[in-house]
Amino acid sequence: GMDALKLLNSSSVLVGRSVTTPTGLNNTGLGALTLQSTTTGTGNTAVGARALILNTGSSNTAVGNGVGGTLTTGSSNILIGTSSAVDTPTSSTSNWLNIGDTVYGDTSTKQVAIGSGLTVMTTGVVFDLGSNSNSMRLPVGTTAQRPTGAQGMLRYNTTTADTGVEYYDGSA
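Structure report, in brief. Keep in mind that what you see is a predicted model, and the values were worked out from it rather than measured.

### Looking at the overall build of the chain
So, step 1. Helix and strand counts for the chain stand at 0 helices and 13 strands.
So, step 2. Helices (α) and strands (β) of the chain occur, in sequence order from the N terminus, as β-β-β-β-β-β-β-β-β-β-β-β-β.
So, step 3. The globule rule puts the C-alpha radius of gyration for 172 residues at 16 Å, and the 22 Å found for the chain is more than 25% above it.
So, step 4. The dimensions of the chain, computed from C-alpha atoms along their principal axes, are 75 × 30 × 30 Å.
So, step 5. Counting across all 172 residues of the chain, residues that qualify as buried make up 33%.
So, step 6. Of the roughly 9300 Å² of accessible surface on the chain, a fraction of 58% belongs to carbon and sulfur atoms.
So, step 7. If the 7 positive side-chain charges of the chain are averaged to one point and the 8 negative ones to another, these points end up 9 Å apart.

### A closer look at the environment of G57
So, step 1. Looking at the element boundaries, G57 is found in the loop between β4 (45–47) and β5 (61–63).
So, step 2. Taking the relative accessible area as the measure of exposure, G57 reaches 4% and is therefore buried.
So, step 3. Through-space distance from the C-alpha of G57 to that of T158 is 51 Å; in sequence the pair is 101 residues apart.
So, step 4. Those residues within four positions of G57 in sequence are excluded, and the remaining contacts are G41, T42, N44, T72, T73, G74 and S75.

### Looking at the sheet that holds strand β13 (residues 164–167)
So, step 1. With mixed pairing, the 3 strands of this open sheet are ordered in space as β11-β12-β13. In this open sheet, the two strands that pair with only one neighbour each are β11 (140–141) and β13.
So, step 2. Where strand β12 (residues 154–157) meets β13, 4 bridges bridge the pair, whose relative direction is antiparallel. Within β13, the residue paired with N157 across the bridge is G164.

### Focus: the packing of aromatic side chains
So, step 1. All told, the structure shown has 1 aromatic pair when counted by the stated rule.
So, step 2. Judged by centre distance (6.1 Å) and plane angle (50°), the rings of W96 and Y104 are tilted. By the burial criterion, W96 is buried, and Y104 matches it.

### Quick word on the pairing of strand β2 (residues 12–15)
So, step 1. What you see with β2 is a clean split: S12 and L14 sit on the buried side and V13 and V15 on the side with no burial.
So, step 2. Of the strand pairs in this sheet, β2 and strand β3 (residues 28–30) are connected by 3 bridges, and their pairing is parallel. Bridging from a neighbouring strand, V15 pairs with L30 of β3.

### A look at the nonpolar core
So, step 1. Counting residues in hydrophobic clusters, the biggest one holds 15 residues, and the most contacted among them are L52, A62 and L79.
So, step 2. Those residues in contact with L52, other than ones at most four positions away along the chain, are L35, Q36, T45, A46, N60, A62, V67, G68 and L71.

Criteria and thresholds
- What you see as residue numbers is a count from 1 along each chain, following the sequence as written.
- In keeping with the model being predicted, local features are shown solely for residues with a pLDDT of at least 70 and side-chain atom pairs are shown and tallied solely at 80 or more, while totals for entire chains, interfaces and linings include all residues.
- Side-chain calculation: all heavy atoms of the structure are included, whereas hydrogens and water are not.
- Each helix is a run of DSSP H or I of at least 4 residues and each strand a run of E of at least 2, with the numbering of both proceeding from the N terminus.
- Two things to know: the radius of gyration comes from C-alpha atoms, and the globule rule equals 2.2 Å times the number of residues to the power 0.38.
- Three exposure classes are used, based on accessible area relative to the maximum for each residue type with a 1.4 Å probe and protein chains only: buried under 20%, partly exposed in between, and exposed over 50%.
- Per-residue and other accessible areas were derived by the Shrake-Rupley procedure at a 1.4 Å probe size, with only the shown protein chains allowed to occlude residues.
- All tallies of charge rest on Lys and Arg as positive and Asp and Glu as negative; His and the ends of each chain are not included.
- For this purpose, a charge sits on NZ of Lys, CZ of Arg, CG of Asp or CD of Glu.
- Contacts were defined at the residue level, with two residues in contact if any of their heavy atoms lie within 4.5 Å.
- By the convention used here, strands pair only if DSSP detects at least 2 bridges between them.
- We call Phe, Tyr and Trp rings a pair once their centres come within 6.5 Å, taking the six-membered ring for Trp, and we label the pair stacked below 30 degrees between planes, edge-to-face above 60, and tilted otherwise.
- The criterion is simple. A nonpolar core is a set of buried Ala, Val, Leu, Ile, Met, Phe, Trp, Tyr and Cys residues joined through side-chain atoms within 4.5 Å.

Structure follows, in structure tokens:
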């Protein structure tokens, strides 16, 4: 159809209905209305109708229909999902990971959280389950299946004599 394929600046490609002609370099868009506002951003990849529709930032990856719909100036975000609920906390957020509005992260601080609707990472916490009210299941095994110890390792031992949570503190 009309405007279905645009090759831009010898380095950007947009495929889909009503794609525009952004001036940013090295952008790839697949889907109607993807990367509509990418006039300055570079190195963005958007797959899905309306993915990164308002984006002017750089190095963002969005996969899914409407994903990253409010992101404007943020950069280096990874957004994967099936709806516009998969987005960044603010329009200028950078280094954010959102997978399915369930797994979140800050790629600059190497922090990950599992929950719902998270907008910030907790300072000093590398793996956060704090927005959940249920439980976490530890790895389970017998004494014979015990792995080689590494400091900080945590598991549940099912052998009758040793039943319980095991913690390895680094000493023999």
